[in-house]
Amino acid sequence: MSLADRLQSTLNELRSALPDVRGCLIASADGMLIAQNVSSGDSNRMAAMVATSLGLGKRMCEAFGSGSLSETSVSGDAGQVFIYGAGSKGVLAVINAAGGNIGLLHLECRAAARKVAEILG
Amino acid sequence: MDFAPLKVVVSGPVGAGKSTYIRTLSTTTVVETDEMATECIGKDLTTVALDFGTLHIDGFEVLLFGTPGQERFDFMWSVLCEGAAGLLLLVAAHRPGSFLKARHILEFITSQVPIPFLLAVTHTDQERVWELEEIADFFGLPVTDLLAVDARDRSACARMLHRLLERCLPTGRDEQSRVTA
Ligand SMILES: Nc1nc2c(ncn2[C@@H]2O[C@H](COP(=O)(O)OP(=O)(O)OP(=O)(O)O)[C@@H](O)[C@H]2O)c(=O)[nH]1
Ligand SMILES: [Mg+2]
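Summarised in this report is the structure supplied together with it.

The rules behind the values
- For every chain, the first residue of the written sequence is number 1, and numbering continues from 1 onward in sequence order.
- Chains and ligands are labelled sequentially in the order written, the chains with letters from A and the ligands with numbers from 1.
- Only residues with pLDDT of 70 or above have their local features reported here, since the model is predicted, and side-chain atom pairs are shown and tallied only from 80 upward, although totals for entire chains, interfaces and linings are computed over all residues.
- No hydrogens and no water enter the side-chain calculation; it runs on all heavy atoms of the structure.
- Each axis is a line fitted through C-alpha atoms, and for a helix only the stretch in contact is used; angles between axes span 0 to 180 degrees, taken between their N-to-C directions.
- Here a strand is any run of E in DSSP of at least two residues, a helix any run of H or I of at least four, and the numbering for each starts at the N terminus.
- Between 65 and 115 degrees an angle is taken as roughly perpendicular, under 35 as roughly parallel, over 145 as roughly antiparallel, and anywhere else as oblique.
- Contact between two residues is taken to exist if any of their heavy atoms lie within 4.5 Å; hydrogens are not considered.
- Ligating atoms shown are N, O and S within 2.8 Å of the metal, or 3.2 Å for Na, K and Ca, and water is not included, meaning a site may look less than complete.
- In this scheme, a residue with accessible area under 20% of its type's maximum is buried, one over 50% is exposed, and one in between is partly exposed, where area comes from a 1.4 Å probe on protein chains only.
- Pairs of N or O atoms within 3.5 Å make up the polar contacts considered here, provided that, within protein, one atom can donate a hydrogen while the other can accept it, and that residues adjacent in sequence are counted only when both atoms are side-chain atoms.

## Concerning the packing of helix α1 (residues 18–25) of chain B against helix α5 (residues 154–168) of chain B
Residue and element names in this part refer to chain B.
Stage number 1. Packing of α1 against α5 brings their axes to within 9 Å, and their N-to-C directions diverge by 100 degrees. Compared by their axis directions, α1 and α5 come out roughly perpendicular. Residues Tyr21, Thr24 and Leu25 of α1 pack against Arg154, Cys157, Ala158, Met160 and Leu161 of α5.

Encoded structure:
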C-alpha cells in the first residue's frame, strides 16, 4: 500500500470507529493538506488553520513549561476540533459535533495519531 | 510619562524576511512559529502562525507581530492586524514574481485597518533586482513610501521602524501627550 493509501485508510477507519465525527484530516506541520475525510468545508483551508493552531500550541507549551505538545483543541457551541500532533511532520485533526463520547474519541484519535506519525516517519 | 505600546504588523510574501526582521530587532525572546517547509521555497523553514517580538524605540514600547507569508495562512492577516498602529510590508527585490501577492496583502490589510505603512524592500544586495523606483511604480506608490532594508541589519531595521513611527504619530510624541493630557 502506498503512503497516501495508508494515511487515507487510517482516516477512513477512524471515521467508521467514530460515526458521530464530522470529519478528519491529516496535514503537514506547515499546513499542507495530506489526506482528508471531511463531509463539508474547504479542507485545504482547514489544514492550514490546524497547522497554525498546532504551531502556536507547541510554542505555548514551551513558554508555559508544559513540555512538548501532544494535542490542542478548539470548542464552540456546536462542536469541537481536536488537533493531535503526529510526529514532528504531521498533524491529525478531528471535527466533532457537540456531544458524543469524548473519552472514546480521544482514545481512538490518539491511536490514529500514533499511526500517522509512524507512516509519515 | 507612560505610553501604551504600539503594535506594528510585519507582513509580506514568503521569504521576504519577516521572521528575520523581528528576530533582528526584538530585545526580548521572540515567539516564532516556523516549521519545516514541505514545498521548495528557497529556505528550510516557514512561519505557520506568527512571529512576536518587542523593543523600545523613540520612547515607545513597540510590539512587532509578523504574519505568515504563505497565502494559505491568509486568515492570520486580520487576526494579527487588529489594533495595529502601522504596517511594514516586506518585499524581496529579487522576487518580482511575489509583488502581486505583496500588493494583495497590502490592499487586504489597509482595507481592514486603514493604517500608515511603509514598503520595506529586502534582498537589494542580490543579483537581478528591481530598482526601488520600478517597485514603487508597480505598487502605484510614491518612492518615498519605499525603503531598502536588509532584514539582518539591526540599524537598517531600526531606521525603517523609526520612519514608520513618524507616520503613525505625525504630530510627534510631545504633541500627542499634550492632546491626551
Ligand atoms: N541577501 C539577503 N538576505 C536577506 C535579506 N533580508 C533577509 N534575508 C534572508 O532571507 C531569508 C528570509 O527568511 P525569513 O525571515 O524566514 O522569511 P519570512 O518572510 O519570514 O518567510 P515566511 O515565514 O516563509 O513567509 C533569511 O534567510 C534571511 O537571512 C537581505 O536584504 N539580503
Ligand atoms: Mg516567517
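## Considering the coordination of the magnesium ion (ligand 2)
For a metal with four tetrahedral donors the ideal donor-metal-donor angle is 109.5 degrees, while six octahedral donors give ideal angles of 90 or 180 degrees.
Residues and elements named next belong to chain B.
Stage number 1. Note on the magnesium ion (ligand 2): its protein donors are Ser19 (OG) and Thr47 (OG1). The metal-donor distances range over 2.0 Å. Of this pair, Ser19 sits in helix α1 while Thr47 sits in strand β3 (residues 45–57), and the two are 28 residues apart along the sequence.
Stage number 2. The buried category is assigned to Thr47, whose relative accessible area is 5%.

## Side note on α1 of chain B
Stage number 1. The buried fraction of α1 of chain B amounts to six of the eight residues, a majority that puts the element mostly inside the structure.
Stage number 2. Residues of α1 of chain B that are buried include every one of Lys18, Ser19, Tyr21, Ile22, Thr24 and Leu25 of chain B, and no others.

## Observations concerning the side chain of Thr67 of chain B
All names here are of chain B.
Stage number 1. Relative to the assigned elements, Thr67 resides in the loop between β4 (60–66) and α2 (75–81).
Stage number 2. Overall, Thr67 belongs to the buried group, its relative accessible area being 0%.
Stage number 3. A distance of 2.9 Å separates polar atoms of two side chains, one belonging to Thr67 and the other to Ser11.
Stage number 4. Non-local contacts of Thr67, meaning those with residues more than four positions away in its chain, are made with Val9, Val10, Ser11, Gly12, Lys18, Thr47, Asp51, Trp77 and Leu80.

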